[in-house]
Amino acid sequence: MIRTTLIAAVFAALLDLGAAQAQDAPAAPASTAAAASTVAAAPATGPIRPLQQCLNPSQITRWQALGARAAAVIAGASYFEIRFSDDCDHDRSRPAAWQMAAGNSNVLCGDSGESAITASGSICPIAGMRRLDPDSYAALLAAKGG
């Protein structure tokens, strides 16, 4: 009985907290198009989930460096933006190898510990990444001069 009362009290507190947060939250975008443009403009983040949505480096068909700390990538039918935590402009070509996060097998998701390894052996830690749709990919290339 005490346990049931305690669980009920916790749920009630959580519901009250959720309602208070919803009242304090900013207003939702006025349209779906506005929401989509907000998502497309969002900075690269990680990690991507589920793992099936992550980047399989063996499927990369296009690698476009975007300055010293980013790249736009096409892998199969998927598009990605990868951001690096350090300048990686010493080798702007596609990395020669990859360091995957533990448990991610053969995919890059933007998890801590993932890195690109250049042909010269430089390690470029991945700071974040995101999936893109074809239009966002094209806009990213146009904005970065790729």
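Read on for an overview of the structure.

Comments concerning the sheet that holds strand β3 (residues 78–84)
Spatially, the six strands line up as an open sheet ordered β1-β2-β3-β6-β5-β4, and their pairing is antiparallel. Whereas interior strands pair on both sides, the edge strands pair on one side only; in this sheet they are β1 (60–65) and β4 (97–99). Neighbour-to-neighbour, the strand axes of this sheet turn through a mean angle of 35°, independent of strand direction. Sheet topology note: the β3/strand β6 (residues 123–132) ladder contains six bridges and is antiparallel. Considered in β6, the bridge of Phe-84 is made with Ile-126.

Re the state of the cysteines
If you walk through the whole model with that rule in mind, you get two disulfides. Between Cys-54 and Cys-109 runs a disulfide, and the two sulfur atoms are separated by 2.0 Å. Its torsion about the S-S bond being 110°, the disulfide of Cys-54 and Cys-109 is classed as right-handed. With Cys-54 in the loop between α2 (32–40) and β1 and Cys-109 in the loop between β4 and β5 (115–117), this residue pair connects regions lying 55 residues apart in the sequence. Like Cys-109, Cys-54 is buried. Between Cys-88 and Cys-124 runs a disulfide, and the two sulfur atoms are separated by 2.3 Å. Of this pair, Cys-88 sits in the loop between β3 and β4 while Cys-124 is found in strand β6, placing the two residues 36 residues apart along the sequence. The same class applies to Cys-88 and to Cys-124, which are both buried. Going through the chain in sequence order and numbering each bonded cysteine, the pairs you get are 1-3, 2-4.

About the thresholds
- Residues numbered from 1 in each chain as written.
- Predicted model: local features only at pLDDT ≥ 70, side-chain atom pairs only at ≥ 80, totals over all residues.
- Heavy atoms only, no water.
- Pairing = 2+ DSSP bridges.
- Helix = DSSP H or I, 4+ residues; strand = E, 2+ residues; numbered from the N terminus.
- Axes fitted to C-alpha atoms, helices over the stretch in contact; angles between N-to-C directions.
- Disulfide = S-S within 2.5 Å.
- Buried < 20%, exposed > 50% of the residue type's maximum accessible area, 1.4 Å probe, protein only.

As far as function goes, none of this settles anything; it's purely spatial.
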